[in-house]
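Take a look at the letters that make up each chain.
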Amino acid sequence: IMSLVAVILLVHSLENPFLEECLNSLYGQTFQDFELIVVVPDSLLVVNILPSFPFPEGVKVFAYPESENFSVSQGSNFGIAQAEGKYVVRLDPDDRFDENLLAVAVNHLERGEKSYGAVYPDFLEVDEKGEVIGYGSSEVSFEFNPLDAGVVYNKEKFLEVGGYDERLFRQVSYDLMRRFTQRFDVKHISLPLYHYRKHSFNMSSSSLDLILYSRKVIENGKGGVLCIIP
C-alpha cells in the first residue's frame, strides 16, 4: 500500500549522535501514513545499516549509485525519485520533527483553501543537548539562508520545477524555494514544527561571504560554476 508522504533522510554516518533522537521524532508522529527512505553513500552501509541501528521494519535504504559520497542536493533528488508518496519532505539526521508536523502539513495540503504546492512551518533552534535556544521563522530565513528540511512538498510539483540544482553546494534551499514559489502557492504555518539543531558542523553555518557569493551566482545565472572553495 502506497504511503501518502515519503520522508527522505540522508545518512552519511551511523556515528551521528543525534540519529536515534531524529528517528524517534519521526516515528512519534500523530500522522502515521508515511514511508521512510534512507539514502547512504556506500553500498556496504546498506548491508550493515539495518542490523546495526534501530530502523523500524519496512524502511527503504538506498546507496547513492554514482560515488562514495553525495551532496544534499544529489542525495535528496535521488531519494525523492525513489518515493511513491504524493508528498515528500526532508528530515536531516541532526534534527527532529515536532510530533504534529506531518498532520498539520497534510491537513493544509489535502484540505486547504488553495491547491498548495508546499507547506512550511517555523522552527525551533536547539543545541546539542536538545535544549531550545531560539526561534526561527521560515518567512524570515527565506530572505537570507532558508531551511527547507521540514517543508512538505507536493512531489509532482517538486519535480516540475526540476528539484534541487545539483550544481550547487550552498544555498540549494534558497534556489529551490525561489523557483518553486514563482510557480506554485505555498502555505506558511506560524508554528515551530521543525527542530533545527545548531552545532559546529552545520552546513548552513557557512561564512557570510560564501553565502553571498552563492546567492549572487543563483541570481545572475549559474554559468559554469561547479563548486565554491572558500
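Residues numbered from 1 in each chain as written. Predicted model: local features only at pLDDT ≥ 70, side-chain atom pairs only at ≥ 80, totals over all residues. Heavy atoms only, no water.

(A) Summary view of the pattern of salt bridges. Applying the stated criterion across every chain, the model contains 10 salt bridges. As a salt-bridge pair, K86 and E110 come within 3.0 Å of each other at their nearest N and O atoms. Placement of K86 in the loop between α3 (72-82) and β4 (87-90) and of E110 in helix α4 (residues 101-111) is noted, with a sequence separation of 24 residues between them. Among the residues examined, K86 registers a relative accessible area of 40% and is labelled partly exposed. Look at E110 and you get partly exposed, because its relative accessible area is 36%. The closest approach of N and O atoms between D92 and R90, which form a salt bridge, is 2.7 Å. Taking the relative accessible area as the measure of exposure, R90 reaches 7% and is therefore buried. Residues joined by salt bridges that share partners form a network here, namely E21, R96 and R197. (Salt bridge = Lys/Arg side-chain N within 4 Å of Asp/Glu carboxyl O. Helix = DSSP H or I, 4+ residues; strand = E, 2+ residues; numbered from the N terminus. Buried < 20%, exposed > 50% of the residue type's maximum accessible area, 1.4 Å probe, protein only.)

(B) Region of the structure containing the nonpolar core. Core analysis: the largest hydrophobic core is formed by 38 residues, its most contacted members being V5 and L9. For this core, the secondary structure elements donating two or more residues are β1 (5-10), α1 (19-27), β2 (34-40), β4, α4, β6 (118-126) and β9 (186-197). In this structure, L9 is in contact with L19, C22, L23, L36, I37, V38, V39, F55, L91, D92 and P93, ignoring residues within four places of it in sequence. Of all hydrophobic cores here, the second largest spans 24 residues; its members include A6, L10, V88 and Y164. (Core = buried A, V, L, I, M, F, W, Y, C linked by side-chain atoms within 4.5 Å. Contact = heavy atoms within 4.5 Å.)

(C) Structural context of the pairing of β4. Alternating residues of β4 divide into Y87 and V89 and V88 and R90, and every residue in both groups is buried. Relative to β4, β1 is paired through four bridges, and the arrangement is parallel. When the bridges of β4 are listed, V5 appears paired with Y87. Bridge count for β4 against strand β8 (residues 152-154) is three bridges, and the pairing is antiparallel. Residue pairing across strands places Y87 opposite N154, the latter belonging to β8. (Pairing = 2+ DSSP bridges.)

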